[in-house]
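Secondary and tertiary structure notes
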Amino acid sequence: MNDESPINYRRIMHDGLWDNNVVFSQLLALCPLLAVTGTATNGLGLGLASLVVMIISNMVVALFRGIITPEVRIPVFVLLIAAIVTVVDMMMNAWLHELHKVLGLFIPLIVTNCAILGRAESFASRNPIRAAVTDGFAMGVGFIIALVSLGAAREIIGAGTLFANASLLLGDSFRFLEITIIPDYRGFLLMALPPGGFLMMGFLMAGKRVLDVRKSKKAEVATSTPALEPGS
Amino acid sequence: MYGHGVASPSYRKRTAYQAMLLGGMATLASAILVLGDVETRDDIAMRQAEDLKASLSQVLPDEIHDNDLLSDVITLPAGTNTKEPIKVYRAHQEGHISAVAFEVSAIGYAGPITSIMGVDADGKVLGVRVISHAETPGLGDKIEISRGTWITSFNQHSLDNTTASQWHVKKDGGEFDQFTGATITPRAVVKSVYEGLQTFEQNRKTLLMPATSETSDKVTITEEKTDE
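Summarised in this report is the structure supplied together with it. (Residues numbered from 1 in each chain as written. Chains lettered and ligands numbered in written order. Predicted model: local features only at pLDDT ≥ 70, side-chain atom pairs only at ≥ 80, totals over all residues.)

A few points about the overall build of chain B
Check the secondary structure of chain B and you find four helices and five strands. Put simply, chain B runs from its N terminus to its C terminus through helices and strands in the order α-β-β-β-β-β-α-α-α. Out of the 228 residues belonging to chain B, those deemed buried represent 30%. Pairs at least 24 residues apart make up 52% of the contacts formed inside chain B by residues separated by at least 6 positions. (Helix = DSSP H or I, 4+ residues; strand = E, 2+ residues; numbered from the N terminus. Buried ≥ 20, exposed ≤ 12 C-beta atoms within 10 Å, placed from the backbone. Contact = placed C-beta atoms within 7 Å.)

Right under this line is the structure:
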């Protein structure tokens, strides 16, 4: 993120989606995460709402980055983010009322999402608007991926279904998403409750680590002498 | 780092600049909020009235009334089961009060569960719908009509055809099913409906009083004024 180097949009996307994922790498936004990921649908709902706020807040912060001084940056960011979330909430309530009835519950939770302040602080405040918007988008999509995968894993183990009630969130045309994975499942309460969220997040993070380690090993093997036996 | 590409001018280091910046941003944020509020207030109020009408029409079927459900609202003072005054929406048919609807609530597993219930003039439940709750998704949320038909099991029950000991979940020896993994939630809803019927019984006279449309209109007008 050097000021002189040209902005690498591929890098920004890759950072947001995988390498520097809000949840699995930065470990941010855990409070709203664990609260709502009982089902994949709820995760998707919070993810979509967060994505919108993240893009707007990154844009606004990048816009004002020239006049904000380091001394007062935190209160200014908090002020801007709180105002954005409130206005998004009001506008959705007024003009996208059906969606708001489903997502409305999640919008106040976005204020508790420190990832948004984190991105404003570490990226948007030192990059031009386009890069900041791209970063907001990448981080938001990465957040959606984390929420949906965590929600899906908890939902399958906890209730035996996947994307239950997705049609309430996305409309009737998305009813096909609603799948019962395990019929006549008695349910596993722990997974539906927040402790199950912590456990599942631990498993998913471990899984990501395994993939990352394997990838870096492969890269090592490829650069080292080919005389070595594969898999040693 | 901040404002890269531009040499930071020295006035930025002054306290006055910081204060101005913070004040300016606060003003800007307030202006955005005020503007947003002004722009959306009427629409939100309209949407909420539509929502209220939609949930009222679920517990007061169209066949039993010929008035606008939001037109006749009376307020009952706080009683034995309620700490706060209750707003009652009254359905008229040919000059009679055919049914009433009001909100009831009880503490569930995770905070209050608020429902709206419709009761006909004989004291029978016409329908109950949960409006807001914070119960565990996947367990307690089966009380919502969109996730199950359980809430319709109250229909047609009254204090006359269901005794006090039957107004419980089956686990407690009553009439109504509980859910696997969730007993507290349905227990709370049963309690709130039972208390709602008791409130209806205690206030039956007031609730069904205005028989002629003239007096009912008067009541409507004065009540609406006090509500404003």
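Read on, since the account is not over.
Considering the overall build of chain A
Helix and strand counts for chain A come out as 11 helices and two strands. Taken from N to C terminus, the helices and strands of chain A fall in the order α-α-α-α-α-α-α-α-β-α-β-α-α. For chain A, buried positions account for 39% of its 232 residues. Across chain A, every contact between residues at least 6 apart in sequence was considered, and the portion connecting residues at least 24 apart equals 77%.

Brief notes about the nonpolar core
In this structure, Val61(A), Leu80(A), Ile84(A), Phe143(A) and Leu147(A) are the most contacted members of the largest nonpolar core, which totals 61 residues. No other element matches helix 8 (residues 129–159) of chain A, which puts 12 residues into this core. Ignoring anything within four residues of it in the chain, the contact list for Leu147(A) reads Leu33(A), Thr37(A), Gly43(A), Leu44(A), Leu46(A) and Gly47(A). Counting 36 residues, the second-largest nonpolar core is a separate cluster that includes Ile74(B), Ala91(B), Val189(B) and Leu197(B). (Core = buried A, V, L, I, M, F, W, Y, C linked by C-beta atoms within 7 Å.)

Concerning unusual backbone geometry
For Ala29(A), which is not glycine, the phi torsion reads 60° and is therefore positive. Relative to the elements of secondary structure, Ala29(A) occurs in the loop between helix 1 (9–19) and helix 2 (30–36). Given 24 C-beta atoms within a 10 Å radius, Ala29(A) is considered buried. Its identity is not glycine, yet Glu94(B) carries a phi of approximately 50°, on the positive side. Among the secondary structure elements, Glu94(B) is positioned in the loop between strand 2 (86–93) and strand 3 (96–108). Taking the number of C-beta atoms within 10 Å as the measure of exposure, Glu94(B) has 8 and is therefore exposed.

Here's the deal with the interface of chain B and chain A
Across the boundary between the two partners, chain B contributes 27 residues, which contact 33 residues of chain A. Considering only residue class, the side of chain B that touches chain A consists of 13 nonpolar, 10 polar and four charged. (Nonpolar A, V, L, I, M, F, W, Y, C, P; charged D, E, K, R; others polar.)

Notes on the sheet that holds strand 5 (residues 125–132) of chain B
Residues and elements named next belong to chain B. The five strands are arranged 1-2-3-4-5 in an open sheet whose pairing can be described as antiparallel. Sheet topology places strand 1 (73–76) and strand 5 at the edges, where each strand pairs with a single neighbour. Between one strand axis and the next, the sheet turns by 30° as a mean value, whatever way the strands run. Relative to strand 4 (residues 111–120), strand 3 runs antiparallel, the two being bridged by 10 bridges. Within the sheet, the bridge partner assigned to glycine 108 lies in strand 4 and is glycine 111. Sheet strands in contact with helix 1 (residues 15–59) are strand 2, strand 3, strand 4 and strand 5, and its direction is about 150° off that of strand 5. Contacts between helix 2 (residues 184–202) and the sheet are confined to strand 2, strand 3, strand 4 and strand 5, with strand 3 contributing the most and set at about 140° to the helix. (Pairing = 2+ DSSP bridges. Axes fitted to C-alpha atoms, helices over the stretch in contact; angles between N-to-C directions.)

Focus on helix 4 (residues 73–95) of chain A
With 23 residues, helix 4 of chain A extends 32 Å from end C-alpha to end C-alpha; this agrees with the ideal 33 Å at 1.5 Å per step. Listed in full, the buried residues belonging to helix 4 of chain A are Val76(A), Phe77(A), Leu80(A), Ile81(A), Ala83(A), Ile84(A), Val85(A), Val87(A), Asp89(A), Met90(A) and Met92(A). On the buried face of helix 4 of chain A, the contacting elements are helix 3 (40–63), helix 5 (97–103), helix 6 (107–111) and helix 7 (114–122) of chain A together with helix 1 of chain B. (Expected span 1.5 Å × (residues − 1).)

Observations regarding the environment of Ser105(B)
Residue and element names in this part refer to chain B. Locating serine 105 in the fold gives a position in strand 3. The spacing of serine 105 and serine 192 is 87 residues in sequence and 5.5 Å in space, taken between C-alpha atoms. Not counting residues within four places of it along the chain, the set of residues in contact with serine 105 comprises Pro112, Ile113, Thr114, Ser115 and Ser192.

The quantities given are spatial measurements derived from coordinates; they are silent on function.
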